Amino acid sequence: MSPGINAATTRVLDRLGVSLVAAPQAGCCSAIPYHLSDVPAGLDMMRRNIDAWWPMIESAEAIVMTASGCGAMVKEYGHRLAGDPAYAAKAARITVMTNDLSEVLPAFSEQLVALTGGKPRGKVEALLGAEVIASANISCLTHLQSGTNKPVRHWIELVDEMTT
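Described below are features of the structure shown in this document. (Residues numbered from 1 in each chain as written. Predicted model: local features only at pLDDT ≥ 70, side-chain atom pairs only at ≥ 80, totals over all residues. Heavy atoms only, no water.)

**Some words on the packing of helix α3 (residues 39-57) against helix α6 (residues 88-97)**
Then, number 1: Between α3 and α6, the least distance of the axes is 11 Å, while the angle of their chain directions is 70°. Viewed along their axes, α3 and α6 adopt a mutual orientation that is roughly perpendicular. In this structure, α3 uses Ile 50, Trp 53, Trp 54 and Ile 57 to contact α6, whose residues at the interface are Lys 90, Ala 91, Arg 93, Ile 94 and Met 97.
Then, number 2: Along the lines of polarity and charge, the residues of the contact of α3 with α6 split into seven nonpolar, no polar and two charged. (Axes fitted to C-alpha atoms, helices over the stretch in contact; angles between N-to-C directions. Helix = DSSP H or I, 4+ residues; strand = E, 2+ residues; numbered from the N terminus. Parallel < 35°, antiparallel > 145°, perpendicular 65-115°, else oblique. Contact = heavy atoms within 4.5 Å. Nonpolar A, V, L, I, M, F, W, Y, C, P; charged D, E, K, R; others polar.)

The structure is reproduced here in structure tokens:
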């Protein structure tokens with residue numbers, strides 16, 4: 001929905017020495033149809049994503065999610081597909097490998113401080129400035145922007161700008 005978020009994530013992680021591999025066949029995490037009670041469509045989306053990620057699983061350390069709501073849903077794949085004999089084991093592995101971007105970046109705290117010019121930092125939020133509203137959820141970004149003239153951005157876009 002907002003390709004700038006993934007582009008910013010790629011740039012920040014690249015500066016930290018982390019390579020990302022995109023799975024072009026992956027799509028919606030399934031949260032929207034699943035939460036709208038279209039469970040069959042949601043499960044089909046989960047299976048499609050697993051199929052898209054699966055060829056890369058052996059060489060990957062993690063699946064990194066930039067949208068917090070999507071990350072929460074992907075972490076449920078193991079539970080949601082536990083009764084599917086063809087996907088249960090794969091879904092369980094996807095669940096274990098999935099990390100929100102905010103779970104990945106703390107391991108790079110010192111590098112991030114150096115890249116931001118030594119600005120003090122505690123949690124991810126400490127990296128951000130007060131001139132904009134920041135969120136990690138794409139739906140929240142859209143909703144918040146509809147009610148303010150202040151810029152509303154994904155927090156990784158701000159980190160991206162700070163580390164250039």
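**A short note on the pattern of salt bridges**
Then, number 1: All chains considered together, the criterion is met by nine salt bridges.
Then, number 2: Measuring nitrogen to oxygen at the nearest pair gives 2.5 Å for the salt bridge that ties Arg 11 to Asp 160. Of the two residues, Arg 11 sits in helix α1 (residues 3-15) while Asp 160 sits in helix α10 (residues 155-162), which places them 149 residues apart along the sequence.
Then, number 3: Residue Arg 11 is classed as partly exposed on the basis of its relative accessible area of 39%.
Then, number 4: Given the relative accessible area of 5%, Asp 160 is considered buried.
Then, number 5: Among the charged side chains, a salt-bridge network with shared partners connects Arg 11, Arg 15 and Asp 160. (Salt bridge = Lys/Arg side-chain N within 4 Å of Asp/Glu carboxyl O. Buried < 20%, exposed > 50% of the residue type's maximum accessible area, 1.4 Å probe, protein only.)

**Notes on α1**
Then, number 1: Over its 13 residues, α1 runs 19 Å from end to end, which matches the ideal 18 Å to within 8%, given 1.5 Å per residue.
Then, number 2: Residues Ile 5, Ala 8, Thr 9, Val 12 and Leu 13 constitute the buried set of α1. Summarising the axial view, the buried residues of α1 lie within an arc of 125°, below the 170-degree limit, and thus occupy one face. What points out from α1, more than 90 degrees from its buried face, is the exposed set Pro 3 and Asp 14.
Then, number 3: Where α1 is buried, its residues contact α7 (101-104), α8 (109-115), α9 (138-145), β4 (152-154) and α10.
Then, number 4: Looking one or two residues past α1, Gly 17 carries a phi angle of roughly 85°, positive in sign. (Expected span 1.5 Å × (residues − 1). Arc of directions from axis to C-beta.)

**Here's the deal with unusual backbone geometry**
Then, number 1: Backbone geometry places Ser 30, a non-glycine residue, at a positive phi of 100°.
Then, number 2: With respect to the helices and strands, Ser 30 occurs in the loop between α1 and α2 (31-35).
Then, number 3: A positive phi angle, close to 70°, is found at Ser 37, a residue other than glycine.
Then, number 4: With respect to the helices, strands and loops of the structure, Ser 37 is situated in the loop between α2 and α3.
Then, number 5: We classify Ser 37 as exposed; its relative accessible area is 64%.

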